[in-house]
Each structure stands twice: as C-alpha cells, then as structure tokens.
Amino acid sequence: MSLPGAPGGQPGPQRSADQSSTITEPALAYAELAAGNRRFVSGSPRHPNQDAGHRAAVADGQHPFAVIVGCSDSRLAAEIIFDRGLGDLFVVRTAGHTTGPEVLGSVEYAVTVLGTPLVVVLGHDSCGAVQAAREVAATGVAPEGHLGAVVDAVLPSLRRAAADGVDDIDGIVDIHIAQTVEALLEQSSVLADAVTRGRCAVVGVSYRLAAGVVRPVAAVPAGVASLDVPDGPSTPAAA
C-alpha cells in the first residue's frame, strides 16, 4: 500500500506506530484496548501498526499485548473494534466464544510463550449461538451436525441464567461471557497460575453491535477493569 503523499500514491488513512508491544501490565493492556475502542466508536481510528514498515518489523517475531477469545460473528473483528494492528492481538475465535482443548492451548501459548499479559473474552449482544441454545432448550430439538457441540457448550450458561431469573437474550449473553471467563480459569491451571502470580488477567466484555461500544462484565482480578459503567452508546469510554 502506498503511503499518503508518496509519489504516485493514493490518499489513505493515517497510520501511526506505538509501543504497545512493550506492555507487560494487565491493567495497562486493558487500558490500551479501551482507548482503541473509544477511537473506533468516535470515528477517529488511528489504524496503528498497519503500515508496511511495521509489517516488516514484526515478521521475525510477535509480542501481542492481549489475547482475544472472541465469538466468530463476522461483525466482531477485534483489530477493527479495538483499533489495533499487526502483532498487537492474539485472536482465537469460535461461535459463542466456546472453549475447548484447542482454544485453551492457544491461550496458554500466548500467555506462557509470548508473555501476553491480558486475556479478553469478547461476546456481543444478540449472539446467535446463545439464541440457538435457547431454541434447543425450549424445543428439545437438537441441531444437526457439529453445531450441537456449540449449543452444548452454551447450555450451562442458560441454566445459570434461569437460576438467576434472567431471561432476556442480552442478560443471558452477559452471563455466558462471565461463564466463559470462569471456564478458562477452571480448565487451564496454566492460565490460573499466571493470574494468581499477577502476570496476567482475564476480562470478559460485551460488544454492542449497533453502537460499537465494548462494556466489561467480568474481570479477574476485579480491579483490572471497572465494572461500574452504565451500558449504552452514550458512554463510549466504557471500554
């Protein structure tokens, strides 16, 4: 891609590099994501670390400052909604951000080998996986093929929501995000140990498809992200 102002080049978005690869503190890593989401929501992204120079710089190694365990929904592209670039985020995506051995292994690789200080579970409102599980719970009709594995992974969150008296879809999504945070820590002793030692933190966030705002709903340890933030498009700083 030609740089803006280069001979024969076409105008393009302003690119800028930063020092995010040096972040080792979980709280600072979350703050970096929050700042990027605010830029995205306000329509003023910087598109950092997306130029040819940075592409060459990270070719020999990566030092992502956050792992994103996200839903596979096509509207949930992590580098876009957090305004990040090459080498910044280690992204693992499944429908309904369900976890399994491959997901856990990927997270553990980022945390232990790459030294990534933050794991973020990224869910969103109107989640199709949650809706599918809700339909199965209501009708008793299991889906065909491997979609059943996704539904089975979400059903515990529906049972937890029912026990808490929560029946709206987005309330169930929040519970499912928190449940995924707990599942990562329960199923991975490697991740749990990194969190206990203060080397890493796990935060669950919910993305609003229309507003673009990312809102934290769960955090371990709790001080990494403030959970006392009102929801809605009027509060873009709630990332």
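Residues numbered from 1 in each chain as written. Predicted model: local features only at pLDDT ≥ 70, side-chain atom pairs only at ≥ 80, totals over all residues. Heavy atoms only, no water.

## Focus on the confidence of the model for the protein
Mean pLDDT for the protein: 87, with 86% of residues reaching 70 or above. When the criterion is pLDDT under 50, residues 1-17 qualifies, and its contacts beyond four places in sequence or with other chains add up to 18 contacts. (pLDDT = per-residue confidence, 0-100. Contact = heavy atoms within 4.5 Å.)

## Considerations on the packing of helix 4 (residues 101-113) against helix 8 (residues 189-196)
At a minimum axis separation of 9 Å, helix 4 and helix 8 run at an interaxial angle of 40°. Regarding helix 4 and helix 8, the two cross each other, and that crossing is left-handed. Across the interface between the two elements, Val 107, Glu 108, Val 111 and Thr 112 of helix 4 pack against Val 190, Leu 191 and Ala 194 of helix 8. Residue classes in the contact of helix 4 with helix 8 are distributed as 5 nonpolar, 1 polar and 1 charged. (Axes fitted to C-alpha atoms, helices over the stretch in contact; angles between N-to-C directions. Helix = DSSP H or I, 4+ residues; strand = E, 2+ residues; numbered from the N terminus. Left-handed = near helix turned anticlockwise from the far one by under 90°. Nonpolar A, V, L, I, M, F, W, Y, C, P; charged D, E, K, R; others polar.)

## With respect to helix 4
In a regular helix each residue adds 1.5 Å, so 13 residues correspond to 18 Å; helix 4 covers 17 Å between its end C-alpha atoms and thus fits that length. Within the span of helix 4, buried status applies to Val 103, Leu 104, Val 107, Ala 110 and Val 111. For helix 4, the buried positions fall inside an angular range of 130° around the axis, keeping them on one side. In helix 4, those exposed residues whose orientation departs by more than 90 degrees from the buried face are Pro 101, Glu 102 and Val 113. (Expected span 1.5 Å × (residues − 1). Buried < 20%, exposed > 50% of the residue type's maximum accessible area, 1.4 Å probe, protein only. Arc of directions from axis to C-beta.)

## A few points about the sheet that holds strand 1 (residues 66-71)
Here we have 5 strands laid out as an open sheet, ordered 2-1-3-4-5, and mixed in their pairing. Only two strands of the sheet have a single neighbouring strand rather than two, namely strand 2 (89-94) and strand 5 (214-220). Neighbour-to-neighbour, the strand axes of the sheet open up by a mean angle of 20°, direction not taken into account. Here helix 4 sits on the sheet and contacts strand 1, strand 2 and strand 3 (118-124); the angle it forms with strand 2, its principal contact strand, is near 175°. (Pairing = 2+ DSSP bridges.)

## A short note on the environment of His 47
By secondary structure assignment, the location of His 47 is in the loop between helix 1 (26-42) and helix 2 (52-57). C-alpha of His 47 to C-alpha of Leu 86: the two residues are 39 residues apart in sequence and 9.9 Å apart in space.

## Focus: the side chain of Thr 116
Structurally, Thr 116 can be placed in the loop between helix 4 and strand 3. Polar contacts involving the side chain of Thr 116 include one to the main-chain carbonyl oxygen of Pro 64, which spans 3.2 Å. Residues within four places of Thr 116 in sequence aside, it is in contact with Pro 64, Phe 65, Ala 66, Val 67, Ala 110, Val 111 and Cys 200. (Polar contact = N/O pair within 3.5 Å; in protein donor to acceptor, adjacent residues only side chain to side chain.)

## Quick word on the layout of surface pockets
One number sums up the size of the largest pocket: a volume of about 210 Å³. In terms of lining, the largest pocket is formed by 13 residues, of which the most central are Thr 99, Ala 153, Gln 179, Ala 183 and Gln 187. Going through the elements one at a time, helix 6 (147-163) and helix 7 (169-187) are the ones with two or more residues in the lining of the largest pocket. It is helix 7 that provides the largest number of residues to the lining of the largest pocket, a total of 7 residues. Considered class by class, the residues forming the lining of the largest pocket number 3 nonpolar, 8 polar and 2 charged. (1 Å grid on protein atoms, 1.4 Å probe; cavity = no way out; pocket = protein on both sides within 12 Å on 5 of 7 lines; lining within 4 Å. Points joined across faces, edges and corners; volume = space filled by probe spheres on them.)

## Focus: the nonpolar core
Grouped together as the largest cluster of nonpolar side chains are 64 residues, with contacts concentrated most on Leu 33, Ile 68, Phe 82, Leu 118, Val 119 and Leu 191. If we skip the residues at most four places from it in the chain, Leu 118 touches Pro 26, Ala 29, Tyr 30, Leu 33, Phe 65, Ala 66, Val 67, Cys 200, Ala 201 and Val 203. (Core = buried A, V, L, I, M, F, W, Y, C linked by side-chain atoms within 4.5 Å.)

## Focus: the pairing of strand 5
Look at any regular strand and the pattern is simple: side chains alternate between the two faces of the sheet. The buried count for strand 5 comes to 6 of 7 residues, which makes it a mostly enclosed element. Sheet analysis places strand 4 (residues 201-207) next to strand 5, joined by 6 bridges and oriented antiparallel. Residue pairing across strands places Val 202 opposite Val 220, the latter belonging to strand 5. The antiparallel hairpin formed by strand 4 and strand 5 contains 6 residues in its connecting segment, where Gly 212 sits at a positive phi of about 85°.

## Here's the deal with the environment of Gly 198
With respect to the secondary-structure elements, Gly 198 resides in the loop between helix 8 and strand 4. We classify Gly 198 as partly exposed; its relative accessible area is 46%. For the pair Gly 198 and Pro 221, spaced 23 residues apart in sequence, the C-alpha separation works out to 8.7 Å.

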